[in-house]
Amino acid sequence: MKLKGKHLISLKDYTKEEILYLIDLAKEVKNEKKSGSVKKKLKGKNIALIFEKPSTRTRCAFTVACVDEGAHGEYLGKNDIQLGHKESIEDTARVLGRYFDGIQFRGFEQHTVEALAKYSGVPVWNGLTDLFHPTQVLADFLTIKEHVGKLEGVNMVYMGDGRNNMANSLMIGAAKVGINFTIIGPKELWPEEELLQECKKIATSKIEVTENIEDCVKNAQVIYTDVWCSMGEEDKAKERIELLKDYQVTEEFMNMNKSYNTIFMHCLPAVRGNEVTKEVIDGDKSVVFDQAENRMHTIKAVMVATLIEKEEAV
Ligand code: CP
Ligand code: NVA
C-alpha cells in the first residue's frame with residue numbers, strides 16, 4: 001500500500017483497502033507500544049500541530065505519537081501564528097511546508113485544511129473541522145474491530161445530531177468499509193441530502209436516516225452518539241435540547257437488542273445527562289476510553305503511512 005505523501009482531509013479520498021490498511025497498521029503500532037518495542041519510525045521528522053479549537057485527545061494523541069516515533073511535534077495555537085489574521089492561509093501553508101514534514105489542522109472551516117493541503121507541499125491531516133473528523137473514525141473502526149471482531153456487515157446506529165462532523169465522517173467511513181449505518185434523529189438535524197446520496201452511492205452496505213428509534217436500535221451492535229452542540233455551536237444549547245431530548249442514549253435502548261451485547265461509543269468529550277445517561281457511558285457496555293486510546297495508535301499509523309515508505313518502517 002502506497003500512502004506516502006497523501007493528505008487525510010476526508011475519508012472520501014480513501015478507498016476501503018486504504019482505510020483497512022491504516023487500521024491494521026494502527027493495530028501493529030499498538031502492539032509495538034504495548035510490548036515496549038517502538039521503532040522510532042519518524043526519527044528526524046518535524047510536525048506542525050495547528051489548533052484553532054481546543055482539544056484534549058487529538059492534541060495529546062498527535063504529541064505522544066510524535067514523541068514515541070522520534071518526531072518533534074510543534075503546537076501552534078490560534079493566537080500563536082498569523083493564520084488567517086495577518087497572513088493568508090496560502091502563505092502560511094507555503095512557509096510551514098518549508099519547515100515541517102507534515103501538518104495537522106484542527107479548526108472551523110473545511111476550506112482552511114484544504115488550502116493548507118493545496119499550498120504546503122507536505123501531508124496535511126484533518127484533526128477536526130466543522131464538516132469532518134476523519135482521524136476519529138479510524139480510531140472508532142479499530143475499536144469496533146477489537147470489540148465486535150469485524151467491520152463488514154456490523155449494524156451501527158448513530159443517535160442525535162445527524163449533521164455534525166462525526167455523523168458526516170462516520171457515514172462516509174461506514175459506506176466505504178461496509179458497515180450498515182443508520183442515523184436516528186429529528187428531521188431538522190438529518191445530514192445534508194447531497195452527502196447522504198453520495199454515501200448511499202458508494203456503499204455496499206445499508207446507509208439510512210430515520211426518526212424511528214425502536215425499529216433500528218433493536219438490531220444495533222453499536223450505538224454511537226456525540227454532543228448535541230459541537231464546538232462553535234454553544235449558543236444553540238436550548239434549541240438542541242428541545243429537538244434532541246427523545247434521542248438520549250439510555251439503558252433501555254442499550255438493552256433492546258436481545259441477541260447481541262450492544263456496545264456504546266462516543267468520541268468524547270461527553271455531556272452526561274444530554275446525549276447519554278451516566279449509567280450508559282460509565283457502564284460495562286461503554287468502550288469510550290478504548291476509543292480515546294485508539295486515537296493515538298491510529299494517528300500514529302496515519303503519520304507513519306503518509307510520511308515514510310513501508311520499507312523504511314521496518
Ligand atoms: N474526540 C476528540 O477529538 O477529542 P478532543 O476534542 O479532545 O481532541
Ligand atoms: N462534534 C464534536 C466532536 C468533538 C470531538 C465537536 O465538533 O465539537
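Residues numbered from 1 in each chain as written. Chains lettered and ligands numbered in written order. Predicted model: local features only at pLDDT ≥ 70, side-chain atom pairs only at ≥ 80, totals over all residues. Heavy atoms only, no water.

Caption draft 1: Highlighting the packing of aromatic side chains. Enumeration over the complete set of coordinates arrives at four aromatic pairs. One Lys or Arg, Lys6, reaches over the ring of Tyr14 and ends 4.5 Å from the middle of that ring. The cationic tip of Lys53 hangs over the ring face of Phe108; the distance from NZ or CZ to the ring centre is 4.7 Å. (Phe/Tyr/Trp six-rings, centres within 6.5 Å; stacked < 30°, edge-to-face > 60°. Lys NZ or Arg CZ within 6 Å of the ring centre and 35° of its normal.)

Caption draft 2: Local environment of the sheet that holds strand E1 (residues 46-51). Judged by pairing direction, the sheet is parallel, and its four strands sit side by side in the order E2-E1-E3-E4 without closing on themselves. Sheet topology places strand E2 (72-77) and strand E4 (124-126) at the edges, where each strand pairs with a single neighbour. Across the sheet, the mean angle from the axis of one strand to that of its neighbour is 20°, orientation sign disregarded. Of the pairings in the sheet, the one linking E1 to E2 comprises six bridges and is parallel in character. Looking across to E2, one finds that Leu49 is bridged to Tyr75. Along the sheet, helix H2 (residues 57-68) makes contact with E1, E2, strand E3 (102-106) and E4, crossing E1 at roughly 175°. The strands touched by helix H4 (residues 110-120) are E1, E3 and E4; relative to E4, the strand with the most contacts, the crossing angle is about 165°. (Pairing = 2+ DSSP bridges. Helix = DSSP H or I, 4+ residues; strand = E, 2+ residues; numbered from the N terminus. Axes fitted to C-alpha atoms, helices over the stretch in contact; angles between N-to-C directions. Contact = heavy atoms within 4.5 Å.)

Caption draft 3: Just the UniProt feature "domain: Aspartate/ornithine carbamoyltransferase Asp/Orn-binding" (unreviewed entry) in the chain, in detail. As recorded in UniProt, the feature "domain: Aspartate/ornithine carbamoyltransferase Asp/Orn-binding" (unreviewed entry) lies at residues 152-305. What you have in residues 152-305 is 40% helix and 14% strand, and the ends, taken at the C-alpha atoms, are 23 Å apart. (UniProt positions renumbered as here; feature names shortened; annotations may be inferred.)

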